[in-house]
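Residues per chain are reported as follows:
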Amino acid sequence: MISVAGLISPPLIASYSASKFGARAFTDSLRREVAPFGIKVSGIYPGPASTEFGSHVGKNIAYQSVRSFFNVRLSSDYVAHRVLGVAKRPRRSLVIPWWYRVVTTFDMLFPVAVDWITMLFSRIKHKTD
């Protein structure tokens, strides 16, 4: 269980994102290392979810900004259901919700555009607060 922050680096939570990129690298390396033994390793990348972690950091302005950008909150039951699906039918990765894969792919292909969009959003957000 990683986070979508392991695929795209949101502003204001650099240390969190860096830890998730590290978990992603570990997962990729482990998957390649144990594949010859028939062991499957999947990286699961959920977006913002309603969890105990979220309730602890919910008042943090950085996390509020990131969550408000897409205005999505997954239920923990939904995430658990999807994790069970991956356990039954392993695959390399699962991004939840599916359309976050579009966002992360766009970031990979057009990082300058994502930098510009993020900067624009940050300026608008800070002017209205």
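Residues numbered from 1 in each chain as written. Predicted model: local features only at pLDDT ≥ 70, side-chain atom pairs only at ≥ 80, totals over all residues. Heavy atoms only, no water.

Draft legend 1. Local environment of the overall build of the chain. Assigned secondary structure in the chain consists of six helices and four strands. The buried share of the chain, reckoned over its 129 residues, is 34%. About 8,500 Å² of surface is accessible on the chain, with carbon and sulfur atoms providing 63% of the total. (Helix = DSSP H or I, 4+ residues; strand = E, 2+ residues; numbered from the N terminus. Buried < 20%, exposed > 50% of the residue type's maximum accessible area, 1.4 Å probe, protein only. Areas by Shrake-Rupley, 256 points an atom, 1.4 Å probe, with all protein chains shown as cover.)

Draft legend 2. Examining the pattern of salt bridges more closely. For the coordinates displayed, the defined rule picks out two salt bridges. Salt-bridge contacts for R31 lead to D28; the nearest nitrogen and oxygen are separated by 2.8 Å. Of the two residues, R31 and D28 both sit in helix α1 (residues 14-34), three residues apart, roughly one turn of that helix. Of the two residues examined, R31 and D28, each falls in the buried class. Residues R92 and D28 are paired through a salt bridge, measuring 3.8 Å at the closest nitrogen-oxygen approach. Pair noted here: R92 is in the loop between α4 (76-88) and β4 (93-96) and D28 is in helix α1, with a separation of 64 residues, a long-range link. Residue R92 is classed as partly exposed on the basis of its relative accessible area, which comes to 44%. Using a relative accessible area of 13% as the deciding quantity, one classes D28 as buried. A single network of salt bridges, built from pairs that share partners, joins D28, R31 and R92. (Salt bridge = Lys/Arg side-chain N within 4 Å of Asp/Glu carboxyl O.)

Draft legend 3. Local environment of unusual backbone geometry. Between I96 and P97 the backbone carries a cis peptide bond, its omega angle lying at -10 degrees. Position of P97 among the secondary structure elements: in the loop between β4 and α5 (99-109). Of note in this structure, L12 is not a glycine but carries a positive phi near 80 degrees. Turning to its location among the elements, L12 is positioned in the segment before α1. By relative accessible area, which is 53% here, L12 ends up exposed.

Draft legend 4. Region of the structure containing α5. For α5, every residue scored as buried is listed here: Y100, T104 and D107. Taken down its axis, α5 places every buried residue within 55 degrees of arc, on the same side. Set apart from the buried face of α5 by more than 90 degrees, the exposed residues are V102 and L109. (Arc of directions from axis to C-beta.)

Draft legend 5. Summary view of the side chain of S3. By the secondary structure assignment, S3 is in the segment before α1. The exposure class assigned to S3 is buried, which follows from its relative accessible area of 8%. Side-chain polar atoms of S3 contact the backbone nitrogen of A5, separated by 3.0 Å. (Polar contact = N/O pair within 3.5 Å; in protein donor to acceptor, adjacent residues only side chain to side chain.)

Draft legend 6. Representation of the nonpolar core. In this structure, I44, A49, L74, V79, V86, L94 and I96 together form the largest nonpolar core, which totals seven residues. Taken together, the elements giving at least two residues each to this core come down to α4 and β4. The contacts of I96, once residues within four sequence positions are left out, are I44, Y45, P46, G47, L74, Y78, V79 and R82. Membership of the second largest hydrophobic core comes to six residues, among which are I2, Y45, V95 and Y100. (Core = buried A, V, L, I, M, F, W, Y, C linked by side-chain atoms within 4.5 Å. Contact = heavy atoms within 4.5 Å.)

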